[in-house]
Amino acid sequence: MSYPDGAATFRASADMYGRFVGRYAASLSAALIQVAGIEAGNRLLDVGCGPGGLASALADVVGAENVSAVDPSKPFAEMCREQLPSADVRVAVAEELPFPDDSFDGALSQLVVNFMNDAERGVGEMKRVVRPGGTVAACTWDYAGEMTMLRAYWDAAHEVAPEAAQADEAATMRYSNLAELTELWRKVGLDDVEGGELWASAGYEDFDDLWMPFPSGIGPAGAFCAALEPDRQEALRTAFARRLGDPSGPFELRARAWYAVGRA
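Residues numbered from 1 in each chain as written. Predicted model: local features only at pLDDT ≥ 70, side-chain atom pairs only at ≥ 80, totals over all residues. Heavy atoms only, no water.

**Q** I tried to follow the nonpolar core on my own but got confused; where do I start?
**A** One recurring pattern in soluble globular proteins is that nonpolar side chains are buried together. Core analysis: the biggest nonpolar cluster contains 71 residues, and Tyr24, Trp141, Met149, Tyr153, Leu210, Phe214 and Phe240 have the highest contact counts within it. With near-sequence residues (within four places) excluded, leucine 210 lies in contact with Met149, Tyr204, Phe240, Leu244, Phe251 and Leu253. In this structure, Val112, Val123, Met126 and Ala260 belong to the second largest nonpolar core, which totals 28 residues. (Core = buried A, V, L, I, M, F, W, Y, C linked by side-chain atoms within 4.5 Å. Buried < 20%, exposed > 50% of the residue type's maximum accessible area, 1.4 Å probe, protein only. Contact = heavy atoms within 4.5 Å.)

See below:
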């Protein structure tokens, strides 16, 4: 069983992304913006903007004309641009940001650092494009613990498919604990580095609403699901639902992310 590149699994469908982790974007963005100390009048960059969850939240604070955003996925960048026509949205990777030095008051990245091909270079680029004293901030899921949806999913996957040990994001994702993430911030030379936990939540109509994106192949979890034979997909679905209490109607899940903030 082989798996595609993690970042590539997010490029197929912006709609599926919205139904997957995109549901958490509003509450997670609000929490990240608060700890980053974003203020009206700031000029900001969203690195790895996806369909535009964080960029839209930033625009609500500083105005879309003060927001720039990049994503390596053209469909995601186009969706972000449709939401924020006054923003400067470009197709680009974190490791090669298409902006001059000292262009922004802050650069933020939500759930992207562990998908960068070279995270040290990518965060270094975020630092480069931020003015001295400006903010560089990011967050990543707590895959091993309190990201309830993904932790329950991977625990179910371990139950029905031994090969899940190769794909579980708790084992494969770097920078998904507080110590490693804040150490990355210090390694690229950021000052006054702080870190901690953020909490987000998402609501679901029922378990089918939660399950629907997984067989599509979205994200590493979806890629694992899509690679299974139909009978094992169904076994995974059953085990996943059981671990969440077999919800039959609307329910909500909470999720923890780790954050790091530093000054350029």
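Anyway, onward from the coordinates.
**Q** Mind showing me how you'd approach the sheet that holds strand β3 (residues 88-91) here?
**A** Each strand in a sheet pairs with another by means of backbone hydrogen bonds, the pair being arranged parallel or else antiparallel. The strand order across the open sheet formed by 7 strands is β3-β2-β1-β4-β5-β7-β6, and the pairing between neighbours is mixed. Of all the strands in the sheet, just β3 and β6 (191-204) have a single pairing partner and so form its edges. Recorded for the sheet is a direction-independent mean angle of 20 degrees between the axes of neighbouring strands. Sitting on the sheet, helix α4 (residues 74-83) is in contact with β2 (67-71) and β3, with an inclination near 170 degrees to β3. (Pairing = 2+ DSSP bridges. Helix = DSSP H or I, 4+ residues; strand = E, 2+ residues; numbered from the N terminus. Axes fitted to C-alpha atoms, helices over the stretch in contact; angles between N-to-C directions.)

**Q** What is the right way to look at the packing of aromatic side chains in this model?
**A** Each aromatic ring pair is described using two quantities: the centre-to-centre distance and the angle formed by the ring planes. Evaluation of the coordinates by the stated rule reveals 14 aromatic pairs. Consider the rings of tyrosine 153 and phenylalanine 214, whose centres lie 4.6 Å apart with planes at 20 degrees: the pair is stacked. Pair noted here: tyrosine 153 is in helix α6 (residues 148-160) and phenylalanine 214 is in the loop between α9 (207-211) and α10 (219-226), with a separation of 61 residues, a long-range link. For tyrosine 153, a relative accessible area of 0% corresponds to the buried category. Three or more aromatic residues joined by ring pairs make a cluster, and in this case those are Phe20, Tyr153, Trp154, Phe207, Trp211, Phe214, Phe224 and Phe240. (Phe/Tyr/Trp six-rings, centres within 6.5 Å; stacked < 30°, edge-to-face > 60°.)

**Q** What is the right way to read the pattern of salt bridges from this model?
**A** Pairs may arise between side chains of opposite charge once their charged atoms sit close together. Here the structure, examined in full by the defined rule, presents 16 salt bridges. In this structure, the salt-bridge partner of arginine 23 is aspartate 209, at a minimum N-O distance of 2.8 Å. Residue arginine 23 is found in the loop between α1 (14-19) and α2 (25-36), and its partner aspartate 209 is found in helix α9; the two are separated by 186 residues along the sequence. You can call aspartate 209 buried: its relative accessible area is 12%. In this structure, lysine 187 and glutamate 120 form a salt bridge, with 3.5 Å as the shortest nitrogen-oxygen distance. (Salt bridge = Lys/Arg side-chain N within 4 Å of Asp/Glu carboxyl O.)

**Q** Help me understand the packing of α2 against helix α3 (residues 53-62) in this model?
**A** Helix-helix packing is characterised by the crossing angle of the two axes and by the distance between the axes. One can describe the packing of α2 onto α3 by two numbers: an axis separation of 9 Å at closest approach and a directional angle of 55 degrees. Between α2 and α3, the angle is such that the two are oblique. Judged by the sense of rotation from one axis to the other, the crossing of α2 with α3 is right-handed. Side by side, α2 and α3 meet where Ala25, Ser29, Leu32 and Ile33 of the first sit next to Gly53, Leu54, Ala57, Leu58 and Val61 of the second. Broken down by class, the residue content of the contact of α2 with α3 amounts to 7 nonpolar, 2 polar and no charged. (Parallel < 35°, antiparallel > 145°, perpendicular 65-115°, else oblique. Left-handed = near helix turned anticlockwise from the far one by under 90°. Nonpolar A, V, L, I, M, F, W, Y, C, P; charged D, E, K, R; others polar.)

**Q** Teacher, can you tell me more about the environment of glutamate 125 here?
**A** By the secondary structure assignment, glutamate 125 is in helix α5 (residues 119-128). Considered as a pair, glutamate 125 and aspartate 101 are 24 residues apart in the sequence and their alpha carbons are 9.0 Å apart. Once you skip the residues sitting within four places of it in the chain, glutamate 125 turns out to touch Ala94, Glu95, Glu96 and Leu97.

**Q** Quick question: what am I supposed to make of the confidence of the model for the chain here?
**A** Parts of the model with low pLDDT should not have their predicted coordinates read in detail. Model confidence for the chain is summarised by a mean pLDDT of 94, while 95% of its residues fall at 70 or above. Scored below 50 in pLDDT, residues 1-9 makes 19 contacts in the model with residues more than four places away or belonging to other chains. (pLDDT = per-residue confidence, 0-100.)

**Q** Can you help me understand α10 in this one?
**A** One turn of the α-helix equals 3.6 residues, which is why residues spaced by three or four share an orientation. Along α10, 7 of the 8 residues are buried, which leaves the element largely enclosed by surrounding structure. Of the residues making up α10, those classed as buried are Gly219, Pro220, Ala221, Gly222, Ala223, Phe224 and Cys225. Looking at the buried positions of α10, the neighbouring elements they touch are α6, α7 (169-172), α9 and α11 (230-243).

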